[in-house]
Amino acid sequence: MRAYRAAIFHLLEEPASGRTPAHAYHPDGLLLVEDDRIAACGDFEALKDQLGAAPVEAFPGRLITPGFIDLHIHFPQLEAIAAYGEQLLDWLDRYIYPAEAAFADPAHAAAAASAFLDALLRHGTTTALVFGSSHKASVEALFTEALGRNMRLIAGKVLMDRGAPDALLDGRDGGRRDTLDLIADWNGKGRLGYAVTPRFALTSSPAQLAMAGEILADHPDVWLQTHLAESPAEIAAVGGLFPDAGDYLAVYEAAGLVRRRSVFAHCVHLDNAGFARLAGADAAVAFCPASNLFLGSGLFPLRAALTEGVKVGIGTDVGAGTSVSVLANLGEAYKVGQLQHQPLDPLQAFYLATLGGARALDLDDRIGNLAPGKEADFLVLDLAATPVLAARTGAAASLEERLFALMILGDDRVVEQTYVAGVRRHSRGR
Ligand code: GUN
Ligand code: ZN
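Read on for an overview of the structure.

Parameters at a glance
- Residues numbered from 1 in each chain as written.
- Chains lettered and ligands numbered in written order.
- Predicted model: local features only at pLDDT ≥ 70, side-chain atom pairs only at ≥ 80, totals over all residues.
- Heavy atoms only, no water.
- Pairing = 2+ DSSP bridges.
- Helix = DSSP H or I, 4+ residues; strand = E, 2+ residues; numbered from the N terminus.
- Axes fitted to C-alpha atoms, helices over the stretch in contact; angles between N-to-C directions.
- Contact = heavy atoms within 4.5 Å.
- Near = heavy atom within 4 Å.
- Polar contact = N/O pair within 3.5 Å; in protein donor to acceptor, adjacent residues only side chain to side chain.
- Areas by Shrake-Rupley, 256 points an atom, 1.4 Å probe, with all protein chains shown as cover.
- Donors = N, O, S within 2.8 Å, 3.2 Å for Na, K, Ca; no water.
- Tetrahedral: all angles 85-135°; square planar, octahedral: opposite > 155°, others 65-115°.
- Buried < 20%, exposed > 50% of the residue type's maximum accessible area, 1.4 Å probe, protein only.
- Phe/Tyr/Trp six-rings, centres within 6.5 Å; stacked < 30°, edge-to-face > 60°.

**Some details on the sheet that holds strand 15 (residues 415-420)**
Moving on, step 1. The seven strands are arranged 3-2-1-4-14-15-16 in an open sheet whose pairing can be described as mixed. Strands at the two margins of the open sheet, each flanked by one partner only, are strand 3 (37-43) and strand 16 (423-427). On average, each strand axis in the sheet is tilted by 35° relative to the strand beside it, whichever way the strands run.
Moving on, step 2. Both strand 4 (residues 56-66) and strand 14 (residues 378-382) contribute to a ladder of five bridges, which runs antiparallel. What sits directly across from Thr65, in strand 14, is Leu379.
Moving on, step 3. Sitting on the sheet, helix 13 (residues 346-353) is in contact with strand 1 (2-11) and strand 2 (23-34), with an inclination near 115° to strand 1.

As structure tokens, then:
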């Protein structure tokens, strides 16, 4: 047993749901960890008798939170982040497909996988739902590195059989074979999971989408990730390719892709009825604010999504997203809300970054907060990491004010320690 003493904050319910108490805050808290699990979490005074001989590591002035969950990120795109001047479809053609083509080289993929996971941990992300490239070896490299760090990571090889350079296309049979092999080899190994990953409706034939749906029907425990209703030009192109579908979401519904454990990135241009269809199928949405602003895709209607009861989490969507930091993306989410006169409450924001992401992944029995029995993925945050943060959080009266300062001003600099399944995997400055 190990023990950590600091202020502790985590979510118990979705604040917007009205269910209470939605969060727990222990100004002088104690977190007890036994092996890879949370044993107890609460006030130091209330728990100190359970310490026994366990050594206590004290982090005065620090805040312990659950690890962040990134619901949408592209591992081959980290090196293509900050590419100038284009919106989605031209950005893919000009920058992203060439960057992903480099992942045909397994040595390149292996080096990139290690750098990518180190970046996640440095930014406080302990779980992510990740797109590989269309090369099977890219996902093998990522899983190998994630297994070595014992991370709860879900990833998939991109399926794409049209509408992109030949070097990236897999073909329906190649895509099926690689996907089935990867599921057999990796799904459920350690803390890893597999996500069937058709890129989007523009790069998969109807036959490939149907194949993805057949695999899901045979493997109800695996995940599905794709993009949906991100940009106006994309939506118009989908309408041209699938004139009889009804709408974009219906393309995925017809293929059997919309179900529990399915996560749809963006959904910027869905209306209430679309969100209601996702909610009815128990599917989830990854809200990717930095990406939506960077590519000029639009403003995600979070209020409509929550009104319809669909599960939502935060995706950084690197490389269209401009930061690996989930915290920095919460700051962007706030600004997306402001442009719609709907400011994002900090408690709701931290819900999206932790327990909301866990629920979207159907993994809230294991991760998402610090409840006893959950896997011990947690962070030690430094609210005085920069002089400006120190001044702002020092003057802040309430927990909500400090959390808000963290999401507006914070990034990897505030992440002092990252623990994965009870083991410290990142320590700032080391
Ligand atoms: N739609 C299809 N592929 C992509 C991608 O790589 N990034 C984003 N943001 N949208 C996509
Ligand atoms: Zn994406």
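Next comes the rest of the account.
**A closer look at the site of ligand 1**
Moving on, step 1. What surrounds ligand 1 is the set His74, Gln77, Leu88, Trp91, Leu92, Arg199, Phe200, His227, Glu230, His266, Asp317 and Ala320.
Moving on, step 2. Here Glu230 contributes a side-chain N or O atom positioned 2.7 Å from a nitrogen atom of ligand 1.
Moving on, step 3. Burial of ligand 1 by the protein chains amounts to 100% of its free accessible area of 280 Å².
Moving on, step 4. At three residues, the largest contribution of residues to the shell around ligand 1 is made by helix 2 (residues 88-101).

**Considering the coordination of the zinc ion (ligand 2)**
Moving on, step 1. Taken together, His72 (NE2), His74 (NE2), His227 (NE2) and Asp317 (OD) make up the full set of protein donors to the zinc ion (ligand 2), lying 2.0 to 2.4 Å away.
Moving on, step 2. Because the angles between the four donor atoms bound to the zinc ion (ligand 2) fall within 89 to 170°, the donor set is best described as irregular.
Moving on, step 3. Spacing between the donor residues of the zinc ion (ligand 2) along the chain follows H-x1-H-x152-H-x89-D. Of this pair, His74 sits in strand 5 (residues 68-74) while His227 sits in strand 10 (residues 223-228), and the two are 153 residues apart along the sequence. The pair His74 / His227 is uniform in exposure class, with both members buried.

**What to know about the environment of Leu361**
Moving on, step 1. With respect to the helices, strands and loops of the structure, Leu361 is situated in the loop between helix 14 (355-360) and strand 14.
Moving on, step 2. When the C-alpha positions of Leu361 and Phe9 are compared, they lie 21 Å apart, and in sequence the two are 352 residues distant.

**Here's the deal with the packing of aromatic side chains**
Moving on, step 1. Enumeration according to the criterion identifies 14 aromatic pairs in this entry.
Moving on, step 2. Plain terms: the ring middles of Phe143 and Tyr194 are 6.4 Å apart, the flat faces sit at 55° to each other, and that makes the pair tilted. With a gap of 51 residues between them, Phe143 in helix 4 (residues 136-148) and Tyr194 in strand 9 (residues 193-198) connect regions that are remote in the sequence.
Moving on, step 3. Measuring from centroid to centroid gives 5.5 Å for Tyr248 and Tyr252, while their planes differ by 50°, and the two rings are tilted. With Tyr248 and Tyr252 both in helix 8 (residues 248-254) and four residues apart, the pair spans about one turn of that helix.
Moving on, step 4. Judged by its relative accessible area of 0%, Tyr252 falls in the buried class.
Moving on, step 5. In textbook terms, an aromatic cluster arises when at least three aromatic residues are bridged by ring pairs, as seen for Tyr4, Phe59, Phe378 and Tyr419.

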